[in-house]
Amino acid sequence: MDTSDALIAHAHLFTLQGEGVGYVADGAVAVKGSRIAAVGPTAELSARFQAAETMDASGCAVLPGLIDAHIHTPWAVVRGVAQDVTHWMQRALAPYSRHMAPEAALAGTRLNVLEALKAGTTTFGDYTRPVPGWAEVFLQVGVRARLTPTINALPPGGMAGWKVGDLYPFDEATGQAAIDAAVALARDWHGAADGRITVMLGPQAPDMLPRDQLLQVKRIAEREGLMIHMHVAQGDREIDQMLKRYGQRTPAFLDDLGYLDDQLLAVHLTEATDEEATLIAQRGARMALCSGSIGIIDGIVPPAHVFRTAGGLVALGSDQASGNNCNNIFNEMKLTALFNKIKFRDPTVMPAWEVLRMATIEGAQAIGLGDEIGSLEAGKQADLILVDLTALNLSPVLDAPVRNIVPNLVYAASGREVKTVMVAGRVLVRDGQVLTADEAAVRAEAQAQAEAVARRVAADPVHKSMNLLAAMEAGRL
Ligand SMILES: [Zn+2]
């Protein structure tokens, strides 16, 4: 008999292998070290493995851990301060978030990671300006991370003082310092914790770095074997800047620059036309789709359906809590399915099983980790979640002759039904309780930091022109 560290048994098992969801009735997963030793029927695996711990998953769906390909964890500390406005970035988020001290950013990261982890997210494509201790949060909590330090050449002070429509000035020294910092972070962290922590290069957007520095980032990415994670065609602001500076819209500009290939994770594509989205997909670049965030901050459904139809890979992302306002991939799956059905007035667009694949195996492929995570199969990392199907909102559970589990996971689950979360063979959440962090302390610290940020914002005259204050004074908040 073989040995294993854990045997997760009697599950409604969704392996996500093959072209569908890979359902196994009364299924089991054997875990050895950080990896999956086998998946299959419980009867078969319990005869084959002597497990140190057997987890009874009766009444649970077992799925691959969910992938959040694009998230800005620090902004959890400014949750809910930048929505229902036009020019969201310049008029809402930037004037507010510039008052975030490094310790506030770190408190946001800690809060956001726990929030998402408890809702089944195991991989974080976290995108931010690094503060000391950032990477260590992921290391210590035990989740998987694709850390992306922001690279831009925006003059010190950022966007808060800019007028909408003005061409931004660039500060090349700032850009170079950010590139150097990203390379240093990659040297320290890419492949850390047995490959659980990896790094991507993150030019913030094509309009926020001079052309030469965009090219420099591309050369480094090729030399170091790193992916590029960049906001692309996000908002009319970016397209306007690109037209003013280069006389080209973003997709054509990036194509000329040699950026459109499988090394690129292109985030949002909010302003991309169907033709542009098709071009980007056909070149092999991948897309991160943030349905909740873009719905709230822009009122737009990005062209993910066209992108996938053209053969592109799409991952889901929760983006930012300042205006999403939650970081929960169950929420993103539902919104993605709904928004696209509504956009096309067609209920067959983006069925539940497809968005579940976008949150798991397709997302893993899109972020370049398809060989390691995204499905439950022997040899892959043991990143998985147990979802309690006995929750009232997921009941009744039908298995045969009719099966209703996947549509309910996508359209009825909230994320609170996640009972257990395992990453790289280690249990991080058991019976809804985080084992690797002090949840109450993390929440208290985020609350204190958020209040300190709010006090600094209130003392800043720019606050008077923000919609937030006006809405509050009008009795709307
Ligand atoms: Zn973003």
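Conventions adopted
- For every chain, the first residue of the written sequence is number 1, and numbering continues from 1 along that sequence.
- Totals for whole chains, interfaces and linings use all residues, but because this is a predicted model, local features are given only for residues with pLDDT of at least 70 and pairs of side-chain atoms are given and counted only at 80 or more.
- Excluding hydrogens and water, the side-chain figures rest on all heavy atoms present in the structure.
- We call an atom a donor if it is N, O or S and sits within 2.8 Å of the metal, or 3.2 Å for Na, K and Ca. Water is not counted, so some sites may look partial.
- Working rule for geometry: tetrahedral if four donors all subtend angles between 85 and 135 degrees; square planar for four, octahedral for six, if opposite donors exceed 155 degrees and the others stay between 65 and 115; irregular in every other situation.
- Comment: elements are numbered from the N terminus, with helices defined as DSSP H or I runs of at least four residues and strands as E runs of at least two.
- By salt bridge we mean one thing: a side-chain nitrogen of Lys or Arg within 4 Å of a carboxyl oxygen of Asp or Glu.
- Note on exposure labels: buried denotes an accessible area under 20% of the residue type's maximum, exposed denotes more than 50%, and partly exposed covers the range between, all computed with a 1.4 Å probe on protein chains only.
- The term nonpolar core refers to a set of buried residues drawn from Ala, Val, Leu, Ile, Met, Phe, Trp, Tyr and Cys, joined through side-chain atoms within 4.5 Å.
- The criterion used for residue contact is that any of the two residues' heavy atoms lie within 4.5 Å.
- The definitions used throughout rest on a 1 Å grid laid over the protein atoms alone, on which a cavity is an enclosed set of points accommodating a 1.4 Å probe that cannot get out and a pocket is an open set flanked by protein within 12 Å on both sides along at least five of seven lines; lining residues are those having an atom within 4 Å of a point.
- Grid points are joined across faces, edges and corners, and a volume is the space filled by probe spheres set on the points.
- Classification convention: Asp, Glu, Lys, Arg as charged; Ala, Val, Leu, Ile, Met, Phe, Trp, Tyr, Cys, Pro as nonpolar; all other residues, Gly among them, as polar.
- Criterion used throughout: strands pair if DSSP finds at least two bridges between them.

In the first shell of the zinc ion, the protein supplies His-70 (NE2), His-72 (NE2), His-231 (NE2) and Asp-319 (OD), at 2.0 to 2.6 Å from the metal. Given four donor atoms and angles of 85 to 169° at the metal, the environment of the zinc ion is assigned as irregular. Site description for the zinc ion: donor spacing in sequence, H-x1-H-x158-H-x87-D. Of this pair, His-70 sits in strand 6 (residues 66-71) while His-231 sits in strand 11 (residues 228-232), and the two are 161 residues apart along the sequence.

Attention now goes to the pattern of salt bridges. Evaluated as defined, the whole model comprises 19 salt bridges. Note that Glu-276 is salt-bridged to Arg-249, the shortest N-O span being 2.7 Å. Of the two residues, Glu-276 is situated in helix 10 (residues 274-282) and Arg-249 in the loop between helix 8 (235-246) and helix 9 (250-257); the sequence distance between them amounts to 27 residues. Since its relative accessible area comes to 12%, Glu-276 is described here as buried. For Arg-249, a relative accessible area of 29% gives the class partly exposed. For Lys-380, the salt bridge identified is with Glu-377, shortest N-O distance 3.9 Å. By relative accessible area, which is 6% here, Lys-380 ends up buried.

What follows covers the nonpolar core. Of all hydrophobic cores here, the largest spans 138 residues; its most connected members are Phe-14, Phe-138, Leu-147, Tyr-259, Met-333 and Val-387. Ranked by residue count, the leading element in this core is helix 3 (residues 102-118), at eight residues. Once you skip the residues sitting within four places of it in the chain, Val-387 turns out to touch Gly-59, Cys-60, Ala-61, Leu-63, Phe-330, Leu-394, Leu-409, Glu-417 and Val-418. In this structure, Ala-11, Ala-57, Cys-60 and Leu-376 belong to the second largest nonpolar core, which totals 18 residues.

You can see Gln-241 is positioned in helix 8. Using a relative accessible area of 2% as the deciding quantity, one classes Gln-241 as buried. Setting aside anything within four residues of it in sequence, one finds Gln-241 in contact with Asp-166, Leu-167, Tyr-168 and Asp-207.

Before going further, it helps to spend a moment on the layout of surface pockets. Where empty space is left becomes clear once a probe the size of a water molecule has been rolled over the atoms. A volume near 950 Å³ is recorded for the largest pocket. The wall of the largest pocket is formed by 43 residues, among which Trp-75, Ser-97, Arg-129, Asn-152 and Gln-204 lie closest to the centre. Contributing elements (two or more residues each) for the lining of the largest pocket: helix 2 (88-97), helix 3, strand 7 (121-128), strand 8 (144-151) and helix 5 (172-189). The calculated volume of the second largest pocket comes to roughly 330 Å³. For the lining of the second largest pocket, the elements supplying multiple residues, two or more each, are helix 3 and helix 17 (439-458). Across the lining of the second largest pocket, the residue classes break down as five nonpolar, five polar and six charged.

Okay, the pairing of strand 5 (residues 60-64) next. With respect to burial, strand 5 is a largely interior element, five of its five residues being buried. Pairing between strand 5 and strand 15 (residues 384-388): five bridges, direction antiparallel. Its bridge partner being in strand 15, Ala-61 is matched across the sheet by Val-387.

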